[in-house]
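Next come the chains, spelled out residue by residue.
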Amino acid sequence: MRPLIRTGCRLLLAAYKPPGVEAGHRNIRVHSVYSSASGHWVPPSGHDTGIRVYNSLSKRKEPLILQNPTLATWYSCGPTVYDHSHLGHASSYVRMDTIRRILTKIFGIDVVMVMVITDIDDKIINKSNELNISPLALARVYEQDFKQDMAELKVLPPTVYMRVTEHIPQIISFIQQIIANGHAYATPQGNVYFDIESIGERYGKFTGALTNVGSESAASDKRQIRDFALWKSSKSEEPFWVSPWGKGRPGWHIECSTIASSVFGRHLDIHTGGIDLAFPHHENEIAQCEAYHQCDGWGNYFLHTGHLHLKGNEEKMSKSLKNYITIKEFLKSFSPDQFRMFCLRSKYGSAVEYSKESMQVSISTLQIIASFIDDAQAYVKGQLICEPVQEAILWESLNETKVNVKAAFADDFDTPRAVGAVMDLIHHGNRQLKAVSKNTSDMNSARSTLVYSAIISYIEQFLDTMGISLKHKQIAAEDRSSAAFINVVEELVSFRSKVRNYAINLNDSVPKDVDEGTLSKEERELQKERRRRILKERQPLLQACDVLRQNLAGFGVNVKDRGNTSTWELLDHKEDL
Ligand SMILES: Nc1ncnc2c1ncn2[C@@H]1O[C@H](COP(=O)(O)OP(=O)(O)OP(=O)(O)O)[C@@H](O)[C@H]1O
Ligand SMILES: [Zn+2]
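Residues numbered from 1 in each chain as written. Chains lettered and ligands numbered in written order. Predicted model: local features only at pLDDT ≥ 70, side-chain atom pairs only at ≥ 80, totals over all residues. Heavy atoms only, no water.

### Considering empty space enclosed by the protein
And then number 1: Counted under the stated rule, the structure contains 7 cavities of 30 Å³ or more.
And then number 2: There is about 140 Å³ of room inside the largest cavity.
And then number 3: Surrounding the largest cavity, 17 residues form its lining, Ser76, Tyr93, Met113, Met115 and Val155 being those nearest its centre.
And then number 4: Listed by contribution, the elements that provide at least two residues to the lining of the largest cavity are helix H1 (87-106), strand S6 (110-117), helix H3 (135-152) and strand S13 (270-274).
And then number 5: In terms of residue count, H1 provides more of the lining of the largest cavity than any other element does, 5 residues in total.
And then number 6: Residues of the lining of the largest cavity, tallied by class, amount to 11 nonpolar, 4 polar and 2 charged. (1 Å grid on protein atoms, 1.4 Å probe; cavity = no way out; pocket = protein on both sides within 12 Å on 5 of 7 lines; lining within 4 Å. Points joined across faces, edges and corners; volume = space filled by probe spheres on them. Helix = DSSP H or I, 4+ residues; strand = E, 2+ residues; numbered from the N terminus. Nonpolar A, V, L, I, M, F, W, Y, C, P; charged D, E, K, R; others polar.)

### Re the sheet that holds strand S11 (residues 241-243)
And then number 1: With respect to topology, 5 strands assemble into an open sheet ordered S8-S9-S10-S12-S11, the strand pairing being antiparallel. Lying at the two open borders of the sheet, with one neighbouring strand each, are strand S8 (184-186) and S11. Taking the axes of each pair of neighbouring strands and ignoring which way they run, one obtains an average angle of 35° across the sheet.
And then number 2: Sheet topology note: the S8/strand S9 (residues 192-194) ladder contains 3 bridges and is antiparallel. Looking across to S9, one finds that Ala186 is bridged to Val192.
And then number 3: Strand contacts of helix H4 (residues 168-180): S8, S9, strand S10 (229-233), S11 and strand S12 (246-250), with the helix running at about 120° to S10, the strand carrying the most contacts. (Pairing = 2+ DSSP bridges. Axes fitted to C-alpha atoms, helices over the stretch in contact; angles between N-to-C directions. Contact = heavy atoms within 4.5 Å.)

### Here's the deal with the site of ligand 1
And then number 1: Looking at ligand 1, there are 23 residues lining it, with Thr80, Asp276, Leu308, Met317 and Lys319 nearest.
And then number 2: Taking Lys123, its side chain carries an N or O atom lying 2.9 Å from an oxygen atom of ligand 1.
And then number 3: At 2.7 Å from a nitrogen atom of ligand 1 is found a main-chain nitrogen or oxygen belonging to Met317.
And then number 4: For ligand 1, whose free accessible area comes to 590 Å², the fraction covered by protein is 96%.
And then number 5: The site holding ligand 1 turns out to be the largest pocket.
And then number 6: Residue assignment for the shell around ligand 1 shows that the elements contributing at least two residues are H1 and S13.
And then number 7: Here the shell around ligand 1 gets 5 residues from one element, more than from any other, and that element is H1.
And then number 8: Among the residues making up the shell around ligand 1, the classes are represented as 6 nonpolar, 13 polar and 4 charged. (Near = heavy atom within 4 Å. Polar contact = N/O pair within 3.5 Å; in protein donor to acceptor, adjacent residues only side chain to side chain. Areas by Shrake-Rupley, 256 points an atom, 1.4 Å probe, with all protein chains shown as cover. Sits in = over half its atoms within 2 Å of the grid points.)

### Remarks on the pairing of strand S3 (residues 47-55)
And then number 1: The pairing of S3 with strand S4 (residues 60-66) spans 6 bridges and is classified as antiparallel. In the strand pairing of S4, His47 is matched with Leu66.
And then number 2: Adjacent in sequence and paired antiparallel, S3 and S4 are bridged by 4 residues, among which Lys59 carries a positive phi angle near 60°.

### Some thoughts on the packing of aromatic side chains
And then number 1: The tally for this structure, following the rule as stated, stands at 18 aromatic pairs.
And then number 2: Between Tyr185 and Tyr193, the aromatic rings sit 5.8 Å apart at their centres with planes inclined by 45°, giving tilted as the arrangement.
And then number 3: For Tyr185, a relative accessible area of 6% puts it in the buried group.
And then number 4: By relative accessible area, Tyr193 is classed as buried at 3%.
And then number 5: Cluster of aromatic residues (ring-pair linked, three or more members): Phe330, Phe334, Phe339, Phe342 and Tyr354.
And then number 6: The cationic tip of Lys147 hangs over the ring face of Tyr161; the distance from NZ or CZ to the ring centre is 4.5 Å. (Phe/Tyr/Trp six-rings, centres within 6.5 Å; stacked < 30°, edge-to-face > 60°. Buried < 20%, exposed > 50% of the residue type's maximum accessible area, 1.4 Å probe, protein only. Lys NZ or Arg CZ within 6 Å of the ring centre and 35° of its normal.)

### Digging into the pairing of strand S5 (residues 71-76)
And then number 1: Counting buried positions over the 6 residues of S5 gives 5, a clear majority of the element.
And then number 2: When S5 meets S6, the two strands line up parallel, connected through 6 bridges. Directly across from Ala72, in S6, lies its bridge partner Val111.
And then number 3: Since S5 and S6 lie parallel, the crossover through H1 that links them has a hand, and here it is right-handed. (Right-handed = clockwise from strand over helix to strand, strands pointing away.)

### Focus on the sheet that holds S6
And then number 1: If you trace the 5 strands from one edge of the open sheet to the other, you get S7-S6-S5-S13-S14, paired in parallel fashion. The open sheet has two free edges, formed respectively by strand S7 (160-163) and strand S14 (301-305), since each of these has just one partner strand. Across this sheet, the average inter-strand angle for adjacent strands is 25°, counted without regard to direction.
And then number 2: Across 3 bridges, S5 lies against S13 in parallel orientation. Paired with Tyr75 across the strands is His271, a residue of S13.
And then number 3: Lying on the sheet, helix H6 (residues 278-293) is in contact with S5, S13 and S14; it crosses S13 at an angle near 155°.

### Re the environment of Ser173
And then number 1: Assignment of secondary structure puts Ser173 in helix H4.
And then number 2: On a C-alpha basis, the gap between Ser173 and Ser243 in space is 9.6 Å, while along the polypeptide they are 70 residues apart.

### Examining the packing of helix H5 (residues 252-264) against H6
And then number 1: Contact pair H5 / H6: the axes reach a minimum separation of 8 Å and the direction vectors enclose 50°. Classified by the angle their axes make, H5 and H6 are oblique. Between H5 and H6 the crossing geometry is right-handed. Contacts from Trp252, His253, Ile254, Cys256, Ser257 and Ser261 in H5 reach Pro280, His281, Asn284, Glu285, Gln288, Cys289 and His293 in H6. (Parallel < 35°, antiparallel > 145°, perpendicular 65-115°, else oblique. Left-handed = near helix turned anticlockwise from the far one by under 90°.)

Next up, the structure:
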């Protein structure tokens, strides 16, 4: 028989109290919030960051005010770990990761982030039954799998991951306090329910009104259909923990309220999750926290990511609906940077449609950026020759871009607008670089190396903030990353360059078309013969250079010829190979 999970939590029940919280203490000073009297969200007191965010609580953009000017407390709902993560999860966590990076790197706000791992729930139990393994073992496998996927996508790990099964004593204690405060009740069947009526009009922040949505079946032992479970008595064969109400396990929503309160106490700046979590999950989290802390409003800002769905399919990508692409499958064809660019191209709160075509746009965007950086670097190094550039215009464009990007980020983290501003800068920079002069004497004319270096540096910094690294991508692909491989390619490209230059110089010495009138017949024949010989000699060398270039592309090496110089880089997109 499958081993059941048990913890002896009885002893710990009375001891637990979240930091900064006097459990059961009334008249705690209200700092933020959602006033039940007015039914409106009231800005918290604190420090205005100058950023405006769309707050799902007020359903509009609000100034982001933090309790601490340089620190944001952030609770993120995490995954339910019973299967591989899919692109829907990826988009939600990458979009939130981008916001976190913007807060830290652009606005100098450190983030303390707690993320829960839901490692016990109905779906986990069902899957473990199918596979005949313990739910905990199953959860550990997929938790590790999720963390690996996030690392691949360069999502920064939270400050702490916290597992539900490691916080059962705290959860029980939290429920006891809610009962003591008069907002929950236990039934003879060993269940505990939240009493929605006890908080009156305060319920319904996300729905705007009380609804008859119940998460349990109508035939249950609840007082009201819409009351929801804090503790569920366990059926036979299910994992259970011993509690004051008998053997059972926590309901879904209580884990987040308890774990968030156990770290942040009563005050939380930011709470995030996908839009599907707004109701009932976040609604119920708030109800529980308000009931526990005896406060009016918990969690100052709720930010929700829009859903990712497949093109032509209106439903969200979901494990349950079986319309998903796993992150692992996706990464066989595309790179993490390409996915991150895909995420940047829409606002975090909007729904996003996934298709190969939309990925293609992201790939092209990255290629334009990479190619510009490549050309700008070649220009700075003196390998790319241009007409003199209009430096003042470029400086102005760079400064404007910096201002526009920051303004876009301050406006509810508007990443598509920020990317647009950077692409405009690239457009300006490219327009001047493209003016390649045929006249080699321009080589000696003044080059605007400083402004191009500054642009390169800014764009790289921007990409780095977005979690995209063109350099990183170039050495990321497993087999192509070794130092030996890089050295061999360097040698090959340098040898090819010498051969190519030799062939081109032969070309220079090809006699021009023979002027019939100036040469004797013999001289003309000699001249023609010499021309034929040189062309014949040159042809196979240039052909061999072309073949080598094509073959190297097959290994993911992109060789570019610029005049007498050849440069190379590793291709990123595996489908380019
Ligand atoms: N298609 C999607 N698009 C955007 N976010 C999603 C999508 N699917 C899940 N999420 C978000 O991912 C996070 C983790 O979700 P969770 O593990 O609970 O998955 P789930 O919603 O149960 O998945 P599924 O619906 O696939 O069973 C949540 O914040 C959820 O809102
Ligand atoms: Zn949650």
